[in-house]
Amino acid sequence: MKLNGSSIVMEVLIDHGVDTVFGYPGGAALNIYDTLYKYSDKIKHVLTAHEQGASHAADGYSRSSGKTGIVFSTSGPGATNLVTGIATAYIDSVPMIAITCNVADSQIGKDAFQEVSITGVTLPITKHNYFVNHVEDLADALYNAFRIANSGRKGPVLIDITKDVTSALCEYEKREPFAIEKLYEFSDKNLNEIAEVFNISKRPIIYFGGGVLASDAKNELVELVEKYDVPVTYTMMAAGVIDYDNPKNLGLIGMHGSVASNRAIDEADLVIALGTRFSDRVALNPNKFAKRACIIQIDIDESEINKNVIINYSIIADLKQALIKLLPLVKPAKHTLWIDKVTNYQKVTNVRSENSTIHPKDIIESTCDLVDKEAIYVTDVGQHQIWAAQYIKHKNMKSFLTSGGLGTMGYGYGAAIGAQFANPNHRIIHFTGDGSFHMNLNEACTAVSYNLPIITIIFDNKVLGMVYQWQTVFYGKRYSETILNRKTNYPKLADGFGLTGFEVNTLEEFQDAYKKALEISGPVWIACNIDKEERVLPMIPSGGTIDNMIKE
Amino acid sequence: MSTREVISILVKNQSNVLTRIASLYGRRGYNIDSLTVSTTNDPATSRITIVFDGNEQILNQIILQTKKLEVVKSISILSPEQSIYRELLLLKVDCNKENRSNLVEIVNIYRGKVISLTKNFMIIELTGSPNKIDGFIEMINCYSIQDVCRTGITGISRNEHI
């Protein structure tokens, strides 16, 4: 069957089960969008306000569903606007495919209108990228993009297609998508050794990360926790894998992790690191991290072994496969004394500023209490993000979407939109700060256009909170460019966008507004005026250890 | 502990392959001594030979990070005992009636070739192991060297399969 390049794109997407794409049209993408018009009964296109919003939406769609997120854009600025979204997905290992159009091949390299070498730009932030200027290569590139995005350590792939290719005809034959192989390269000897370390350790702890979600290993992890009777701590990427209320759950690890988690890691004689990478926000001082412990790491990415922290035993594998093999070799154990000890350490820190009116912890807890348990929480980046990570009583996988590695302010609104399309029956709650919100609040128009009932809760402290907090503690209160004091009137601005906005000063006002918001069928903002001196605690400064922890 | 290793990478012969490798090393801050690219008997495959000087942990990271690139088919360390390294040198040196024959004598001892000769300078070609090239340059150093051009190491394993 002869098809043009644009139709080949649509056919391959459909063959991979894609029914939703996010994007923004433009000159070089005209053929693609013309074909999309014909395929509109099979592929739903979500038009955002800005390509960055579309890229975060594709990311949020993927994180909340496990499917591959797809984003379209035109050439030049359309493509460069995707960059932050692609980089965000890359560092958090999110499978995503960006399809950009470029100028016609005859114009490539001639500084044509809206020409940019997006494959060059995205080289460091994609698992792989393709520049397709021959229509015969297009189907291969697309099929491989799905394979690469979803195999091994997942991540984004970009395909840049010249405009002539999008209209050129080529023979196209439907084929089977590549099977995604589960990496599994370890010996029984290796496994037995590791199981033996398990069986002789007295003070073990599991520290897990986003790899548990990527490998869908929750059940195996839960089984290990129960059988081996071991306390757990987790990175922000993995909130919700183990029920927050599980007594063995010590809370978040790292810079703003709980006292219990960080102290337990410090005292442990065995750290079992599952699907995680010892980032500088976890192992703040890699030489002193878990210094009394033997460290076992199971990860799919071999380059993460010994990258930041020296590992004693490792398995390179898909986590689920590795745990299935390991579980029968681990003897049932009881670590009662150890668990009693570490669960007595402080799990929740609750420090309020002197002028506290409405505290973030109360807002977050009220939010969670009044909404159904299946809600998906999305954050931007900064203080509110950490408060959300700390205070939401996470219960479900794939229901806490946050830019963990890149720390992208402005991630939230787009990601919330993507999550809503992937989960039309779930309530989406978007926590943000006044700094982050101003970065991409233009996506409100997208939420209004599609009538998405996303509730955005803005922690408005009139400052760039996290940086302000660092300046308070480490920079002698020299508040260089962090006093935002925006004059934005959120209810009025919301009205202008065509949505409902509230502004609240007390917890009662918040709860009233929130109850109303839950009844409204479209998007809502609730701006909460919080005190600028509220801090994120506890905190271990960069390079520090539990001994340097700031608790109040 | 510092280590010097020669790494051999088989890559898909596509445009931008070198950019991908160079970009990876650039952004991760890996310093390399030399890098050569050549075709193999398989037109779909090229060989990149990299010489790296640094500690073992970074070497390990280079190998593992390189392995993750889609264009990389395989990567191996060419250990000195199990491999042959060669390098090509082109060297331009001033010469005159008095010292010309001395220079030619040294070139002959090293089994190099004089590939261009004028009244005032000669160009010498020499192939060999990096040590031999270093030794030769050391010998010529007391003459007035105008220019030195080395290809960097290319290497191959002595084993049947790598």
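Residues numbered from 1 in each chain as written. Chains lettered and ligands numbered in written order. Predicted model: local features only at pLDDT ≥ 70, side-chain atom pairs only at ≥ 80, totals over all residues. Heavy atoms only, no water.

Asks: Explanation requested: the overall build of chain A in the structure shown.
Replies: Looking only at helices and strands, one finds 22 helices and 20 strands in chain A. For 552 residues, the compact-globule formula gives about 24 Å, and the C-alpha radius of gyration of chain A, at 24 Å, lands near that figure. The proportion of buried residues among the 552 residues of chain A is 59%. A sequence separation of at least 24 residues applies to 77% of the contacts in chain A between residues at least 6 apart. Here chain A displays about 20,900 Å² of accessible surface, and carbon together with sulfur accounts for 50% of that area. Averaging the coordinates of the 52 positive side-chain charges in chain A and doing the same for the 63 negative ones gives two points 5 Å apart. (Helix = DSSP H or I, 4+ residues; strand = E, 2+ residues; numbered from the N terminus. Rg over C-alpha atoms; globule rule 2.2 N^0.38 Å. Buried < 20%, exposed > 50% of the residue type's maximum accessible area, 1.4 Å probe, protein only. Contact = heavy atoms within 4.5 Å. Areas by Shrake-Rupley, 256 points an atom, 1.4 Å probe, with all protein chains shown as cover. Lys, Arg positive; Asp, Glu negative; His and termini not counted. Charge placed at Lys NZ, Arg CZ, Asp CG, Glu CD.)

Asks: In this structure, what is going on with the interface of chain B and chain A? I would like to understand it.
Replies: As a measure of interface size, the accessible area lost when the parts come together is often cited. The interface is formed by twelve residues belonging to chain B together with 14 residues belonging to chain A. Interface area lost by chain B to chain A is led by R20(B), L64(B) and E70(B), which between them contribute 41%. The interface formed by chain B and chain A holds three salt bridges in total. Across the pair K67(B) and E302(A) runs a salt bridge, and its minimum N-O distance is 3.2 Å. Counting across the interface, chain B meets chain A through nine residue pairs in polar contact (both at pLDDT 80 or more). Among the secondary structure elements, those contributing two or more residues to the side of chain B that touches chain A are α1 (17–28) and α2 (56–67) of chain B. Top contributing element to the side of chain B that touches chain A by residue count: α2(B), with five residues. A per-class count over the side of chain B that touches chain A returns two nonpolar, five polar and five charged. (Buried area = accessible area lost by both parts, 1.4 Å probe. Salt bridge = Lys/Arg side-chain N within 4 Å of Asp/Glu carboxyl O. Polar contact = N/O pair within 3.5 Å; in protein donor to acceptor, adjacent residues only side chain to side chain. Nonpolar A, V, L, I, M, F, W, Y, C, P; charged D, E, K, R; others polar.)

Asks: Looking at this structure, how should I read the state of the cysteines?
Replies: All names here are of chain A. If you walk through the whole model with that rule in mind, you get zero disulfides over all chains. Free cysteine C528: the closest other cysteine sulfur is in C368, separated by 13 Å. Under the relative-accessibility criterion, C528 is labelled buried at 0%. (Disulfide = S-S within 2.5 Å.)

Asks: Is there a simple way to think about unusual backbone geometry in this case?
Replies: Excluding glycine, residues mostly have negative phi values, and the peptide bonds linking residues are mostly trans. Residue and element names in this part refer to chain A. Cis peptide bonds are those with omega within 30 degrees of zero, and the linkage from L537 to P538 qualifies with -5°. Tracing the backbone shows P538 in the segment after β20 (524–529). Unusually for a residue other than glycine, K398 sits at a positive phi of about 55°. Here K398 lies in the loop between α16 (383–391) and β16 (400–401). Owing to a relative accessible area of 24%, K398 belongs among the partly exposed residues under this scheme. Despite not being glycine, E481 has its phi angle at roughly 60°, a positive value.

Asks: Please clarify how the environment of Y184(A) should be interpreted in this entry.
Replies: All names here are of chain A. As for its position among the elements, Y184 is in the loop between β8 (169–171) and α9 (188–200). Separated by 133 residues in sequence, Y184 and A317 place their C-alpha atoms 4.6 Å apart. Not counting residues up to four positions away in its chain, the partners in contact with Y184 are A317, Q321 and K325.

Asks: Sorry, what's going on with the packing of aromatic side chains here?
Replies: Between two aromatic rings, the relevant description is the distance of the centres plus the angle of the planes. Residues and elements named next belong to chain A. Taken as a whole, this structure holds 21 aromatic pairs over all chains when the rule is applied. Their ring planes at 10° and their centres at 6.1 Å tell us that Y377 and F431 sit as a pair that is stacked. One end of the pair, Y377, is in strand β15 (residues 376–379); the other, F431, is in strand β17 (residues 428–433), and 54 residues separate them in sequence. Grouping aromatic residues by their ring pairs yields a cluster made of Y413, F437, Y490, F497 and W525. The ring of Y345 is capped by R263, whose NZ or CZ atom sits 5.9 Å from the centre of that ring. (Phe/Tyr/Trp six-rings, centres within 6.5 Å; stacked < 30°, edge-to-face > 60°. Lys NZ or Arg CZ within 6 Å of the ring centre and 35° of its normal.)

Asks: Hey, could you run me through the side chain of D460(A) in this one?
Replies: Residues and elements named next belong to chain A. Along the chain, the position of D460 falls in strand β18 (residues 455–460). Look at D460 and you get buried, because its relative accessible area is 5%. Not counting residues within four places of it along the chain, the set of residues in contact with D460 comprises D434, Y490, C528, N529 and I530.

Asks: Honestly, the nonpolar core in this entry has me stumped. Any pointers?
Replies: It is characteristic of soluble globular proteins that their nonpolar side chains tend to be buried jointly. Residues and elements named next belong to chain A. Ranked by size, the top nonpolar core spans 72 residues in total, and within it I206, F208, L274, I457 and I526 carry the most contacts. Apart from residues no more than four positions distant in its own chain, I526 is found in contact with I455, T456, I457, I458, F502, V504, F510, A513, Y514 and A517. The next biggest cluster of nonpolar side chains, apart from the first, holds 42 residues, and it includes V71, I125, L452 and A494. (Core = buried A, V, L, I, M, F, W, Y, C linked by side-chain atoms within 4.5 Å.)

Asks: What exactly am I supposed to notice about the sheet that holds strand β19 (residues 500–504) of chain A here?
Replies: Within a beta sheet, neighbouring strands are joined by backbone hydrogen bonds and run either parallel or antiparallel to one another. Residue and element names in this part refer to chain A. Pairing in this open sheet of six strands is parallel, and the strands run β16-β15-β17-β18-β20-β19 from one edge to the other. Here the strands that pair on one side only, and so sit at the sheet edges, are β16 and β19. In this structure, β18 lies alongside β20, joined through six bridges in parallel fashion. For F459, the partnering residue across the bridge sits in β20 and is C528. Against the sheet, α16 contacts β15, β16, β17 and β18, and its axis sits at roughly 135° relative to β17. (Pairing = 2+ DSSP bridges. Axes fitted to C-alpha atoms, helices over the stretch in contact; angles between N-to-C directions.)

Asks: How should I be thinking about the pairing of β19(A) in this particular structure?
Replies: Across a regular strand the side chains alternate sides, sitting on one face of the sheet and then on the other. All names here are of chain A. As judged from the five bridges shared by β19 and β20, these two strands associate in the parallel manner. Looking at β20, one finds that E503 is bridged to A527. In terms of handedness, the path from β19 via helix α22 (residues 507–519) over to β20 forms a crossover that is right-handed. (Right-handed = clockwise from strand over helix to strand, strands pointing away.)

Asks: What should I look at first to understand the environment of K393(A) in this one?
Replies: Residues and elements named next belong to chain A. Within the secondary structure, K393 sits in the loop between α16 and β16. Taking the C-alpha atoms as reference points, K393 and I200, 193 residues apart in sequence, are found 33 Å from one another. Discounting residues that sit within four places of it in the chain, K393 has contacts with Y244, D245 and E365.

Asks: What exactly am I supposed to notice about the sheet that holds strand β2 (residues 20–23) of chain A here?
Replies: All names here are of chain A. On the basis of which strands lie adjacent, the open sheet formed by six strands has the order β3-β2-β4-β5-β7-β6 and parallel pairing. The open sheet has two edge strands with one neighbour each: β3 (44–47) and β6 (128–132). Sheet twist, expressed as the mean angle between neighbouring strand axes with direction ignored, is 20°. Helix-sheet contacts for helix α1 (residues 5–15) involve β2, β4 (69–73), β5 (96–102) and β7 (156–162), and the interaxial angle to β4 is about 165°. Seen against the sheet, helix α3 (residues 51–65) touches β2, β4 and β5 and runs at an angle of roughly 165° to β4.

Asks: Even after reading the chapter, I still don't get the pattern of salt bridges, so can you show me in this structure?
Replies: All names here are of chain A. One pass over the structure, following the stated rule, counts 30 salt bridges over all chains. A salt bridge links R292 to D266, with the shortest nitrogen-to-oxygen separation between them at 2.9 Å. Residue R292 is found in the loop between β12 (270–274) and β13 (294–299), and its partner D266 is found in helix α12 (residues 259–267); the two are separated by 26 residues along the sequence. Since its relative accessible area comes to 46%, R292 is described here as partly exposed.

Asks: Would you explain the pairing of strand β5 (residues 83–94) of chain B in this entry?
Replies: Residue and element names in this part refer to chain B. Covered by surrounding structure in β5 are S83, Y85, E87, L89, L91 and V93 only, the residues I84, R86, L88, L90, K92 and D94 on the alternate face being uncovered. Bridge count for β5 against strand β9 (residues 154–157) is four bridges, and the pairing is antiparallel. Following the sheet pairing, I84 is matched in β9 by I156. Here β5 runs beside strand β7 (residues 121–128); their pairing, made up of eight bridges, is antiparallel. Residue pairing for β7: L89 is matched across the bridge by L126. Direction of pairing for β5 relative to strand β8 (residues 145–150): antiparallel, over a ladder of five bridges. The partner of L91 across the bridge, within β8, is V148.

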